[in-house]
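# Observations on chain architecture
So you can see what is in the structure, the chains are spelled out below.
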Amino acid sequence: MVKARSRPRVGSWLGLLILFTLPCAVRGAPPTATAAAEAMAPPPLVVGIAIDETGITPRDLERSHDLILALFGSLPPGSLITMASFSGDRRIVLPPTADPSQLASALARFKPSQTGVALPDGLFDIIGYLGRQEAEARVLLLVSSGRVREGDLQFEDPLNAATAKGIPIFALALGQGDGRLLRRVAKITGGEYLRLEVADASMLSQAIGPRAGFTTNTATPVNAAAAPTPSPLAKGSAGLLGAAAILFSLGGLLMLGIVVLLGRRLFPPAQAKAPVVPSGAEPSAPPAPEPPTQDNLAPIEIEVDEAGLEKTLVVEALPTLRALSGPGAGKNFPLSPSGTTSIGRSRRNDILVPEDAASAQHCRIDREGDSYVLHDLGATNGTWVNGTRSERAVLQHGDRLRVGETVFTVSLFGDRS
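Residues numbered from 1 in each chain as written. Predicted model: local features only at pLDDT ≥ 70, side-chain atom pairs only at ≥ 80, totals over all residues. Heavy atoms only, no water.

It is worth spelling out the side chain of S205 at this point. Tracing the chain through its elements places S205 in helix α8 (residues 201–212). Within the structure, the side chain of S205 is placed 3.5 Å from the side chain of S74, a separation counted as a polar contact. (Helix = DSSP H or I, 4+ residues; strand = E, 2+ residues; numbered from the N terminus. Polar contact = N/O pair within 3.5 Å; in protein donor to acceptor, adjacent residues only side chain to side chain.)

Summed over the entire model, instances satisfying the criterion amount to 1 aromatic pair. For the pair F333 and F408, a centre-to-centre distance of 6.1 Å together with 80° between the ring planes defines the contact as edge-to-face. On the criterion of sequence distance, the pair formed by F333 in strand β8 (residues 332–334) and F408 in strand β17 (residues 406–411) is long-range, its members being 75 residues apart. Exposure class is identical for F333 and F408. Each is buried. (Phe/Tyr/Trp six-rings, centres within 6.5 Å; stacked < 30°, edge-to-face > 60°. Buried < 20%, exposed > 50% of the residue type's maximum accessible area, 1.4 Å probe, protein only.)

Right, let's talk about the sheet that holds strand β12 (residues 371–376) for a bit. Overall, mixed pairing links the 5 strands, which are arranged β10-β9-β11-β12-β15 in an open sheet. Taken across any chain shown, the strands that pair with only one partner, and hence form the sheet edges, are β10 (351–352) and β15 (392–394). Looking at chain direction, β12 and β15 are connected through 3 bridges and run antiparallel. Considered in β15, the bridge of V373 is made with V394. (Pairing = 2+ DSSP bridges.)

Turning to helix α4 (residues 100–108), its buried residues number three or more, namely L103, A106 and L107. With its buried residues spanning 100° around the axis, α4 presents them on a single face. Contacts from the buried residues of α4 go to β1 (46–51), α3 (58–72), β2 (80–85) and β3 (92–97). (Arc of directions from axis to C-beta. Contact = heavy atoms within 4.5 Å.)

A complete count under the given rule lists 6 salt bridges for this structure. For R184, the salt bridge is made with E156, and the minimal N-O distance between the two is 2.9 Å. Residue R184 is found in helix α7 (residues 179–189), and its partner E156 is found in helix α6 (residues 156–165); the two are separated by 28 residues along the sequence. Residue classification places R184 among the partly exposed positions, given a relative accessible area of 37%. The partner of R364 in a salt bridge is D366, and the shortest N-O contact between them spans 2.8 Å. (Salt bridge = Lys/Arg side-chain N within 4 Å of Asp/Glu carboxyl O.)

Let's shift gears to the pairing of β12. Of all 6 residues in β12, 5 are buried; the element is thus mostly enclosed. Note: strand β11 (residues 363–368) against β12, 6 bridges, orientation antiparallel. Among the inter-strand pairings, I365 is bridged to a residue of β12, identified as L374. The antiparallel pairing of β11 with β12 creates a hairpin that spans 2 residues between the two strands, and G369 there sits at a positive phi of about 70°.

Moving on: the nonpolar core. Formed by 32 residues in total, the largest nonpolar core has its most connected members in I49, I51, I68, M83, L103, L141 and L172. Ranked by residues supplied to this core, first place goes to α3 with 5 residues. Beyond its immediate sequence surroundings of up to four residues, L172 is in contact with L67, L141, L142, V143, S144, L194, R195, L196 and A199. Judged by nonpolar contacts, the second largest core, of 27 residues, contains A50, I126, I169 and Y193. (Core = buried A, V, L, I, M, F, W, Y, C linked by side-chain atoms within 4.5 Å.)

This next bit is on the sheet that holds strand β6 (residues 193–195). Across the sheet, which stays open at both edges, the 6 strands sit in the order β3-β2-β1-β4-β5-β6 with mixed pairing between neighbours. Two strands lie at the open edges of the sheet, namely β3 and β6, each paired on one side alone. Taken pair by pair, the neighbouring strands of this sheet meet at an average axis angle of 15°, ignoring direction. Judged from the 6 bridges that link them, β1 and strand β4 (residues 138–144) form a sheet pairing that is parallel. (Axes fitted to C-alpha atoms, helices over the stretch in contact; angles between N-to-C directions.)

Structure representation (structure tokens):
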């Protein structure tokens with residue numbers, strides 16, 4: 001049998017040439033109208049910080065400053081931040097900026113005060129200013145103790161303005177002010193209520209992210225070092241080099257095609273010849289497969305129990321509490337399989353419920369035999385199971401547990417979502 005001479009495939013050479021030339025052409029291509037439009041696009045997010053200095057202690061003011069600086073570092077690239085005050089002659093103390101040093105300088109000028117404009121009046125002015133900023137999304141962080149003073153406007157006026165402009169208000173409560181008032185501000189405008197003693201930058205960023213249309217896990221800090229921008233002269237040189245690379249690659253493809261065509265005409269591929277069979281002889285048939293014997297059969301191992309039945313693997317899932325409402329809505333909290341799971345407003349609990357309506361040590365869930373038993377720890381507002389206030393209750397799968405204003409559902413078979 002004569003073997004045919006193999007030739008390199010034209011497609012492989014063409015593919016390699018395209019892979020080498022196209023990246024050069026893309027890097028060297030001149031900027032398009034799309035790139036210019038992206039450069040002029042509005043910022044993805046403008047965050048307004050409104051600090052009501054009335055009744056704030058120096059310690060709370062310092063902690064809120066640290067929280068705001070940490071939040072600024074978790075916003076998506078290109079985001080801006082602006083600041084407003086409720087005291088003094090100037091309402092806007094920092095125009096929209098992406099410079100963290102300007103933000104830190106503006107925060108350092110805030111001092112606790114006992115006088116200032118009424119909360120509804122100042123909030124209305126700040127919402128109007130924030131609504132005039134061009135951005136894909138706008139949110140307002142209100143730092144206040146929740147003390148309302150007499151003013152010219154009704155309390156509902158700034159809330160209606162924020163709702164009409166699509167600006168959610170996130171209320172950060174300080175001290176021992178009226179938590180119900182700030183919670184109402186957040187609820188009406190579509191924001192969220194948090195307390196300073198339990199809030200951190202990660203919690204605040206995760207609350208703002210879904211309402212502003214970005215994911216905090218992938219957000220890059222806005223104060224990261226920016227890459228150097230090439231000069232217009234360098235862009236023009238890169239465009240000429242890209243055009244030259246494209247022309248060179250096209251010429252190379254054309255020459256390669258001509259060479260391949262000439263080679264096929266001058267050196268046609270040899271045809272494979274069939275083997276010569278002597279006259280009168282019958283062509284030999286291919287050898288028959290070897291019949292199976294005891295020596296060439298592979299052993300097969302089959303594991304069967306004594307009863308001849310299938311064995312079923314049972315995996316025990318860890319029971320959980322799934323938050324249906326409140327600051328942790330949508331999260332799953334595992335229950336201890338052998339000990340106690342504590343729930344309350346204090347950070348020392350296994351499950352944290354950062355609400356005024358929840359007690360510091362609200363309740364606990366014990367594993368007793370094969371059951372999970374709820375024990376109320378003398379909570380002021382009580383612990384409710386399926387709408388009934390309970391001191392002790394054996395939890396069943398699907399029960400609704402309410403701690404403060406947060407509602408959990410009991411899943412004894414683990415997270416099935």
